[in-house]
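Results of the structural survey
Here are the chains, one letter per residue:
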Amino acid sequence: MLEKTVWRQYHDENNFREKLAEFTKLDLIDLIEDDKALYAVLKSKLTKKELKLFAMDTASINDENIKAEFEYTDDDLEKAKFKLYKKLKQDKTRLAFRQSNFDEFGE
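Residues numbered from 1 in each chain as written. Predicted model: local features only at pLDDT ≥ 70, side-chain atom pairs only at ≥ 80, totals over all residues. Heavy atoms only, no water.

With respect to the overall build of the protein
How we decide: Here a helix means four or more residues in a row that DSSP labels H or I, a strand means two or more in a row labelled E, and each is numbered from the N terminus. Based on C-alpha atoms, the radius of gyration is set beside the globule rule, defined as 2.2 Å times the residue count to the power 0.38. Relative accessibility under 20% of the residue-type maximum defines a buried residue, over 50% an exposed one, and the middle range a partly exposed one, all with a 1.4 Å probe and only protein chains included.
The secondary structure content of the protein amounts to eight helices and zero strands. Put simply, the protein runs from its N terminus to its C terminus through helices and strands in the order α-α-α-α-α-α-α-α. The C-alpha atoms of the protein give 14 Å as radius of gyration, which agrees with the globular expectation for 107 residues (13 Å, within 12%). Dimensions of the protein along its principal axes, counting C-alpha atoms only, are 45 × 30 × 20 Å. Scored against the burial criterion, the 107 residues of the protein give a buried share of 41%.

Structure (structure tokens):
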């Protein structure tokens, strides 16, 4: 499941759930149970570029390689990472990953 995702291009496992919990400061138990549904919400909340940056950064890809991939300068990369992780911490984003919201709204 989810073998052909952006996440799997940079990770051997579908461990996005753990990384998402870490950055959103939510407990794993609170996240949407179905990986496919959780990944769909993740894709809907991030731009394609942000999702790819999240996958690459959490896979410990060298910053030089990330800068080359996105044609970023040091400053651009720093700003992009700041914006990405700030977005993941915002209530309107992180609460979309909660199982209770998923059950209530059937997203």
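Observations concerning the side chain of Thr-58
Defined as follows: Any two residues whose heavy atoms approach within 4.5 Å are treated as being in contact.
Take Thr-58: it is sitting in helix 4 (residues 48-58). Given a relative accessible area of 10%, Thr-58 falls into the buried group. Once you skip the residues sitting within four places of it in the chain, Thr-58 turns out to touch Trp-7, His-11, Lys-19, Phe-23 and Tyr-85.

Overview of helix 4
One turn of the α-helix equals 3.6 residues, which is why residues spaced by three or four share an orientation. Within the sequence span of helix 4, burial applies to Glu-50, Leu-51, Leu-53, Phe-54, Ala-55, Met-56 and Thr-58. In the core, the buried residues of helix 4 are packed alongside helix 1 (6-10), helix 2 (16-24), helix 3 (35-45), helix 5 (63-70) and helix 6 (74-89).

Description of the packing of helix 5 against helix 6
Threshold: To obtain an axis, a line is fitted to C-alpha atoms, over the contacting stretch when the element is a helix, and the angle between two such axes runs from 0 to 180 degrees between their N-to-C directions. An angle counts as roughly parallel when it lies under 35 degrees, as roughly antiparallel when it exceeds 145, as roughly perpendicular when it falls between 65 and 115, and as oblique in every other case. Each residue gets one label: Ala, Val, Leu, Ile, Met, Phe, Trp, Tyr, Cys and Pro are nonpolar, Asp, Glu, Lys and Arg are charged, and the others, such as Gly, are polar.
Packing of helix 5 against helix 6 brings their axes to within 10 Å, and their N-to-C directions diverge by 95°. Here helix 5 lies roughly perpendicular to helix 6, going by the angle between them. From helix 5, Asp-63, Ile-66 and Lys-67 reach across to helix 6, where they touch Asp-74, Leu-77 and Lys-81. When its residues are assigned to classes, the contact of helix 5 with helix 6 shows two nonpolar, no polar and four charged.

Topic: the pattern of salt bridges
Applied cut-off: Salt bridges are counted wherever a side-chain nitrogen of Lys or Arg sits within 4 Å of a carboxyl oxygen of Asp or Glu.
Under the definition given, this model contains ten salt bridges. Connected through salt bridges with shared partners, the residues Asp-57, Asp-63 and Lys-81 form a single ionic network.

Some details on the nonpolar core
Condition: Among the buried residues, those of types Ala, Val, Leu, Ile, Met, Phe, Trp, Tyr and Cys that are joined through side-chain atoms within 4.5 Å form a nonpolar core.
Formed by 30 residues in total, the largest nonpolar core has its most connected members in Leu-42, Phe-54, Leu-88 and Phe-97. Where this core is concerned, the elements lending two or more residues are helix 2, helix 3, helix 4, helix 5 and helix 6. Discounting chain neighbours no more than four positions away, the residues touching Phe-97 are Leu-20, Thr-24, Leu-26, Asp-30, Leu-31, Ile-32, Leu-38, Val-41, Leu-42, Lys-45 and Leu-88.

Focus: the environment of Phe-16
On the secondary structure map, Phe-16 appears in helix 2. Along the sequence, Phe-16 and Thr-58 sit 42 residues apart, while their C-alpha atoms lie 8.8 Å from each other. Excluding residues within four positions of it along the chain, Phe-16 makes contact with Leu-2, Trp-7, Asp-35, Leu-38, Tyr-39 and Leu-42.

Remarks on unusual backbone geometry
For Lys-25, which is not a glycine, the phi torsion comes out positive at approximately 60°. Along the chain, the position of Lys-25 falls in the loop between helix 2 and helix 3. The exposed category is assigned to Lys-25, whose relative accessible area is 63%. Non-glycine residue Ser-60 carries a positive phi angle of around 60°. Here Ser-60 is to be found in the loop between helix 4 and helix 5.

Worth remembering: the numbers are spatial, not functional.
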